[in-house]
Amino acid sequence: MDNEIEEFVKRCAPCSTAGKAPTKTTLESWPIPSKPWSRIHINYAGPVDGVYFLVVVDPHSKWPEVHVTKSTTAKATIKLLNQSFATFGVPEIIVSDNGTQFSGHEFQVFCTNLGIRHIRTPPYHPQSKGLAERFVDTVKRSLRKIRSDGVETLEEALQTFLQVYRSTPTSDLGGKSPAEMMFGRSIRTVSSLLQPSKHTTTSRNRQKQNDAFNRKHGAFKKSFQHGDLVYAKIHQANSWQWEPATVIEKVGNLTYNVFLGDRHRLIQSHSNQLKIRVQETSPSEHSTPLSVFFDEFGLTVPAAAIPPKKPATTPRLEEQLLDESEILELTDSDFSNPALDAESEGIDDPEPTDAIEEAAHPGTPLLER
């Protein structure tokens, strides 16, 4: 009797339509792809401040892409997806809901031309596209939090959220961030400033390439210091010329900031665009062949070898003429012989005589002369 009643109720159409939902089936999660960007889940979110978000999520790395758009048509969707495909490549599978932009003929042709398998989830069953749905909810809540102070715009808040989300490690990825799963490395953020920097080294192949270049061109290492006088190679109007400059600082391994004195400009130049400049020195007013010789060998020029400085202006004729008495006085005082003067006056003055004899016979004893 009980079995007959149960079978009768099952066959009753009004009873079945008014009954509760059946017990849920076992959960079958989407399989995790073996490589990044092989399958992507897409969905639209919004509107938020009059715009929509096209959300693209990679289930392998949890890497999100969010495109802001005012149109949700198939044409606009294809344009936005092509931007992501240009960066990460064309996926094998696209999972979406049954929105008109995804179920139309234009989108189907787009997937067919690119060799993409398009899977559409059952209508009104968000669990079938849970990855995209959860991320849409995360985007909306995060944007409200970031924009709570009213400082950042919607686009700025979105970029802040994406940078933090992509660089944050998560337990679902084994303690790695979406960026590490996507690119095999972590991306640099402001938080990276708290970590010590790692010094990069030149690989063996790069070093061999550098050595081959140096041998071929006869290159040698050049370096400049602050304040060095150089010539800088300046390009202008399909030509170039050397212009005098001064090195200000070194900003790279081979680049320098130099100041062009004639142009009053600070430019950045490669080491190959600089050469040493020897400062020009005007010849001295007192330079003579003898002084040039002494300067060449770093010797001191005797004062007697320096000619007297000529007057800047030509004196008057009467100033050039000397009085006859002055000429006689100059002759008597400067050209007199002490030995002869002493003999004429009958005065024995051996010291000047000995000095003259010593000059005439150097190194010979006085008694032998």
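Residues numbered from 1 in each chain as written. Predicted model: local features only at pLDDT ≥ 70, side-chain atom pairs only at ≥ 80, totals over all residues. Heavy atoms only, no water.

Colleague: I'm lost on helix H5 (residues 105-114) in this one. Help?
Modeller: Restricting attention to buried positions, one finds in H5 the residues Phe107, Phe110 and Cys111. Looking straight down H5, one finds its buried side chains confined to an arc of 95°; they lie on one side. Turned more than 90 degrees off the buried face of H5, the exposed positions are His105, Thr112 and Asn113. Residues of H5 that are buried in the fold lie against strand S1 (39-48), helix H3 (74-88), strand S4 (93-96), helix H4 (100-103) and strand S5 (117-120). Immediately beyond the C-terminal end of H5, within one or two residues, lies glycine 115, with a positive phi of roughly 70°. (Buried < 20%, exposed > 50% of the residue type's maximum accessible area, 1.4 Å probe, protein only. Helix = DSSP H or I, 4+ residues; strand = E, 2+ residues; numbered from the N terminus. Arc of directions from axis to C-beta. Contact = heavy atoms within 4.5 Å.)

Colleague: Could you clarify how one ought to interpret the side chain of threonine 69 in this entry?
Modeller: Examined against the element boundaries, threonine 69 turns out to sit in strand S3 (residues 63-69). Residue classification places threonine 69 among the buried positions, given a relative accessible area of 12%. Of note is the side chain of threonine 69, whose polar atom sits 2.8 Å from the backbone oxygen of serine 71. Ignoring any residue separated from it by four or fewer positions in sequence, one finds threonine 69 in contact with Tyr44, Val51, Tyr52, Ala76 and Leu80. (Polar contact = N/O pair within 3.5 Å; in protein donor to acceptor, adjacent residues only side chain to side chain.)

Colleague: Looking at this structure, how should I read the pattern of salt bridges?
Modeller: Between side chains of opposite charge, a pair can form when the charged atoms approach closely. Within this structure, the stated rule accounts for 5 salt bridges. Lysine 35 is the salt-bridge partner of glutamate 92, the closest N and O atoms lying 3.3 Å from each other. Remark: lysine 35 occurs in the loop between helix H2 (13-18) and S1 and glutamate 92 occurs in the loop between H3 and S4; sequence separation between them is 57 residues. A relative accessible area of 43% means that lysine 35 is categorised as partly exposed. A salt bridge links glutamate 243 to arginine 263; its shortest N-O distance comes to 2.8 Å. With glutamate 243 in strand S7 (residues 239-250) and arginine 263 in the loop between strand S8 (255-260) and strand S9 (265-270), the pair connects residues that are 20 residues apart, well separated along the chain. According to the relative accessible area criterion, arginine 263 is partly exposed, its value standing at 28%. (Salt bridge = Lys/Arg side-chain N within 4 Å of Asp/Glu carboxyl O.)

Colleague: Looking at this structure, I do not really get unusual backbone geometry. What am I missing?
Modeller: Trans is the prevailing form of peptide bonds, just as negative phi is the prevailing case for residues other than glycine. Phi is positive for alanine 237, close to 55°, though the residue is something other than glycine. Here alanine 237 lies in the loop between strand S6 (229-236) and S7. Within the chain, histidine 264 stands out as a residue other than glycine whose phi angle is a positive 55°. Residue position: histidine 264 is located in the loop between S8 and S9.

Colleague: Where do I start with the packing of aromatic side chains in this structure?
Modeller: Aromatic rings in a pair are described by how distant their centres are and how their planes are angled relative to each other. Under the definition given, this model contains 13 aromatic pairs. Judged by centre distance (6.2 Å) and plane angle (5°), the rings of phenylalanine 85 and phenylalanine 110 are stacked. Residue phenylalanine 85 is found in helix H3, and its partner phenylalanine 110 is found in helix H5; the two are separated by 25 residues along the sequence. By relative accessible area, which is 7% here, phenylalanine 85 ends up buried. Residue phenylalanine 110 is classed as buried on the basis of its relative accessible area, which comes to 10%. Clustering of aromatic rings is evident, with ring pairs tying together Tyr44, Phe85, Phe102, Phe107 and Phe110. The cationic tip of arginine 277 hangs over the ring face of tyrosine 231; the distance from NZ or CZ to the ring centre is 5.8 Å. (Phe/Tyr/Trp six-rings, centres within 6.5 Å; stacked < 30°, edge-to-face > 60°. Lys NZ or Arg CZ within 6 Å of the ring centre and 35° of its normal.)

Colleague: When you look at the sheet that holds S1 in this model, what are you seeing that I'm missing?
Modeller: Through backbone hydrogen bonds, the strands of a sheet pair up, either in parallel or in antiparallel fashion. Strand order in this open sheet of 5 strands is S3-S2-S1-S4-S5, and the pairing throughout is mixed. Among the strands making up the open sheet, the edge pair consists of S3 and S5. The sheet shows a mean angle of 25° between the axes of neighbouring strands, taken without regard to direction. Summarising the sheet, S4 and S5 pair through 4 bridges and their orientation is parallel. Considered in S5, the bridge of serine 96 is made with arginine 120. Set on the sheet, helix H7 (residues 154-167) makes contact with S1, strand S2 (51-58) and S3; between it and S3 the angle comes to about 170°. (Pairing = 2+ DSSP bridges. Axes fitted to C-alpha atoms, helices over the stretch in contact; angles between N-to-C directions.)

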